[in-house]
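Spelled out from the first residue to the last, the chains are:
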Protein chains: 2
Amino acid sequence: MASAAASRVVCSEDRTPDGFRWLRLKQITWEDPHGRQRLWECAERSTRRGAIDGVAIVAKILRKGQPPVLPVLKQYRPPIENYCLELPAGLVDCNETPGEAAVRELKEETGFTGAVQEVTPICVSDPGMTNANMQYVTLLVDGDAPENRDVKQELDDGEFIEVELVRWDGLLQHIQASNR
Amino acid sequence: MASAAASRVVCSEDRTPDGFRWLRLKQITWEDPHGRQRLWECAERSTRRGAIDGVAIVAKILRKGQPPVLPVLKQYRPPIENYCLELPAGLVDCNETPGEAAVRELKEETGFTGAVQEVTPICVSDPGMTNANMQYVTLLVDGDAPENRDVKQELDDGEFIEVELVRWDGLLQHIQASNR
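- Per an unreviewed UniProt entry, chain A goes by Nudix hydrolase domain-containing protein and derives from Chlorella ohadii.

### Quick word on the side chain of K26 of chain A
Point 1. Looking at where K26 of chain A falls in the secondary structure, it is placed in strand 2 (residues 23-31).
Point 2. Accessibility expressed as a relative area gives 17% for K26 of chain A, which makes it buried.
Point 3. Among the polar contacts made by the side chain of K26 of chain A, one reaches the side chain of E44 of chain A at a distance of 3.4 Å.
Point 4. Those residues within four positions of K26 of chain A in sequence are excluded, and the remaining contacts are S12, E13, D14, R15, W40, E41, C42 and E44 of chain A together with F20 of chain B.

### A closer look at the side chain of E109 of chain A
Residues and elements named next belong to chain A.
Point 1. Relative to the assigned elements, E109 resides in helix 1 (residues 98-110).
Point 2. Buried charged residue E109 carries no salt bridge. Nearest counter-charge: R77, at 6.4 Å.
Point 3. Within polar-contact distance, the side chain of E109 engages the backbone nitrogen of A89 at 3.1 Å.

### Section: the pairing of strand 3 (residues 37-45) of chain A
Residue and element names in this part refer to chain A.
Point 1. Pairing between strand 2 and strand 3: nine bridges, direction antiparallel. Within the sheet, the bridge partner assigned to Q27 lies in strand 3 and is E41.
Point 2. Hairpin remark: strand 2 followed by strand 3, antiparallel, with five residues in the connecting loop; positive phi at G35, about 85 degrees.

### Some remarks on the environment of R77 of chain B
Point 1. By secondary structure assignment, the location of R77 of chain B is in strand 5 (residues 69-77).
Point 2. Take R77 of chain B: its relative accessible area is 13%, and that puts it in the buried class.
Point 3. What R77 of chain B contacts, discounting residues up to four positions off in sequence, is W40, P127 and G128 of chain A together with N82, C84 and E86 of chain B.

### Section: the interface of chain A and chain B
How big an interface is tends to be reported as the loss of accessible area on association of its parts.
Point 1. Counting from both sides, the interface comprises 58 residues of chain A and, opposite them, 58 residues of chain B.
Point 2. Interface of chain A and chain B: buried area, both sides summed, is about 5,100 Å²; carbon and sulfur atoms make up 68% of it.
Point 3. Broken down residue by residue, the surface that chain A buries against chain B is led by E41, P79 and F160 of chain A, which jointly contribute 14%.
Point 4. Connecting chain A to chain B are six salt bridges.
Point 5. Here R36 of chain A and D157 of chain B are joined by a salt bridge, their closest N and O atoms 3.8 Å apart.
Point 6. For the pair chain A and chain B, the number of links is 14 residue pairs in polar contact (both at pLDDT 80 or more).
Point 7. When residues of the side of chain A that touches chain B are traced back to their parent elements, those giving at least two are strand 1 (8-14), strand 2, strand 3, strand 5 (69-77), strand 6 (82-86), strand 11 (161-167) and helix 2 (171-178) of chain A.
Point 8. Considering each element in turn, the side of chain A that touches chain B owes the most residues, seven residues, to strand 3 of chain A.

### Re the environment of E86 of chain A
Residue and element names in this part refer to chain A.
Point 1. With respect to the secondary-structure elements, E86 resides in strand 6.
Point 2. Residue classification places E86 among the buried residues on the basis of a relative accessible area of 11%.
Point 3. Through-space distance from the C-alpha of E86 to that of T130 is 20 Å; in sequence the pair is 44 residues apart.
Point 4. Only 2.7 Å separates the side chain of E86 from the side chain of R77, close enough to count as a polar contact.

### Details of the confidence of the model for chain A
Point 1. Across chain A, pLDDT averages 94, with 97% of residues at or above 70.
Point 2. Both scores are given for the predicted complex: the pTM is 0.92, the ipTM 0.91.

### Description of the pattern of salt bridges
All names here are of chain A.
Point 1. Evaluation of the coordinates by the stated rule reveals 30 salt bridges over all chains.
Point 2. Of the charged contacts, one joins E86 and R77 as a salt bridge, the two residues approaching to 2.7 Å between their closest N and O atoms. Each member of the pair E86 and R77 is classed as buried.
Point 3. In this structure, E96 engages R104 in a salt bridge whose closest nitrogen and oxygen atoms are separated by 2.5 Å.
Point 4. A single network of salt bridges, built from pairs that share partners, joins D93, E96, R104, E105 and E108.

### Focus on the sheet that holds strand 2 of chain A
Residues and elements named next belong to chain A.
Point 1. Spatially, 1-2-3 is the arrangement adopted by the three strands of the open sheet, whose pairing is antiparallel. The strands lining the two open edges of the sheet, one partner per strand, are strand 1 and strand 3. Averaged over all pairs of adjacent strands, the angle between strand axes in this sheet comes to 30 degrees, irrespective of strand direction.

### Some details on the packing of aromatic side chains
Given two aromatic rings, their pairing is described by the distance between the two centres and the angle made by the two planes.
Point 1. Going through the model one piece at a time under the given rule, you end up with six aromatic pairs over all chains.
Point 2. Pairing Y76 of chain A with W30 of chain B gives two aromatic rings, centres 5.9 Å apart and planes at 25 degrees, and the pair type is stacked. Taken together, the residues Y76 of chain A in strand 5 and W30 of chain B in strand 2 (residues 23-31) connect one chain to another.
Point 3. What makes Y76 of chain A buried here is its relative accessible area of 9%.
Point 4. The class for W30 of chain B is buried, based on a relative accessible area of 3%.
Point 5. Relative to W40 of chain B, the ring of W30 of chain B has its centre 6.1 Å away and its plane inclined at 75 degrees; by these criteria the two rings are edge-to-face. With a gap of 10 residues between them, W30 of chain B in strand 2 and W40 of chain B in strand 3 (residues 37-45) connect regions that are remote in the sequence.
Point 6. The class for W40 of chain B is partly exposed, based on a relative accessible area of 22%.
Point 7. For the cation-ring pair, K74 of chain A lies above Y83 of chain A, with the distance from its terminal atom to the ring centre recorded as 5.6 Å.

Calculation notes
- One numbering rule holds for all chains: residues counted from 1, following each sequence as written.
- By the order in which they are written, chains take letters starting at A while ligands take numbers starting at 1.
- The predicted origin of the model limits local features to residues at a pLDDT of at least 70 and limits the giving and counting of side-chain atom pairs to 80 or more, whereas totals for whole chains, interfaces and linings rest on all residues.
- To get the side-chain values, all heavy atoms of the structure are used, and hydrogens and water are removed first.
- Comment: elements are numbered from the N terminus, with helices defined as DSSP H or I runs of at least four residues and strands as E runs of at least two.
- Remark: exposure states derive from per-residue accessible area (1.4 Å probe, protein chains only) relative to the maximum for the residue type, with buried under 20%, exposed over 50%, and partly exposed in between.
- Between N or O atoms, a polar contact is any pair within 3.5 Å; within protein, one atom must be a potential hydrogen donor and the other a potential acceptor, and residues adjacent in sequence are included only when both atoms are from side chains.
- Here a residue-residue contact requires only that any non-hydrogen atoms of the pair lie within 4.5 Å.
- Here Asp and Glu are counted as negative and Lys and Arg as positive; His is not counted, and neither are the chain ends.
- Every case where a carboxyl oxygen of Asp or Glu lies within 4 Å of a side-chain nitrogen of Lys or Arg is listed as a salt bridge.
- A pair of strands counts as paired when DSSP detects no fewer than two bridges linking them.
- By definition, the buried area sums, over both parts, the 1.4 Å-probe accessible area that each loses when the two are put together.
- Every residue is assigned a pLDDT by the predictor, reflecting its confidence on a scale from 0 to 100.
- Fitting a line to C-alpha atoms yields each axis, with helices limited to the stretch in contact; the angle taken between N-to-C directions then spans 0 to 180 degrees.
- Any Phe, Tyr or Trp ring, taking Trp's six-membered ring, that has another such ring centre within 6.5 Å forms a pair; planes under 30 degrees apart are called stacked, those over 60 apart edge-to-face, and the others tilted.
- Here, a charge over a ring means that NZ of Lys or CZ of Arg falls within 6 Å of the ring centre while also lying within 35 degrees of the ring normal.

Dropping the structure here:
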């Protein structure tokens, strides 16, 4: 086999239809390891400002004498015409680090204030069809701190999100039960 | 807050440009919980035959006296203009179960023959931008079985995939090292 190191993108043509604001569609010409040119189709988010599109947030909420819980969101997602259980997540704004985006999004979507514990390398969700990528950010939330007592969401217009607090060691069962 | 149960898709318009074969682009009109109509943009795979697009495969290769290993793939992905470390994965064919697709894809991409151990509920990779979805399938591979001794990939034209066998308990370190 020829070395895969020879692969490269030759050119990329924007084929987004008029009126699309959040997504771009591209036809990519790339050269395979044998030097043969091939076509690839790709959907992109048009909102990326830096190296990544967004963050997904694993928030561990700790309260004295109670088992840790994880906030998950239930929201209607038009692409699947259904409700989806998701980690809190969001796009990274201009001049924002992944950690800052995660703290901001967790606060907006759940009301909780957390502190960054860990940030993963960049993950590409579905690299065969899109360059959409993100980093997982782990946040620790002191559930007994004053700012986390009576939390309140700060949702944008058009966001309708229900927060569920799931026992840290019961996530799989929770997903399976929600799926029935 | 109005019940999120009222959300629904009102209509969906195909806006895919001519010449696209693998991807579709849609503009969706949906009704929010307050009864207000809103627009959503969505990219789809055009190849789905049943309920899911594809499978991602967690294959545990067991050999007597050795620690279990996980096969991960390194391949060039034109959408990100770079190489990506991925789980073996693939689209589900007509009349195929997720388990059958996983066994077939693992064999094609790595040469290994596995047995289905577990299939997760449906996961949507990035439900804000696409309906693309998949199920994770866990396969057990008897690395000492005759069919798994001298394994050989059976790649399609246009596939260039390097297989790496990573210690089961060393995946994170492997990803971090590959990322440098």
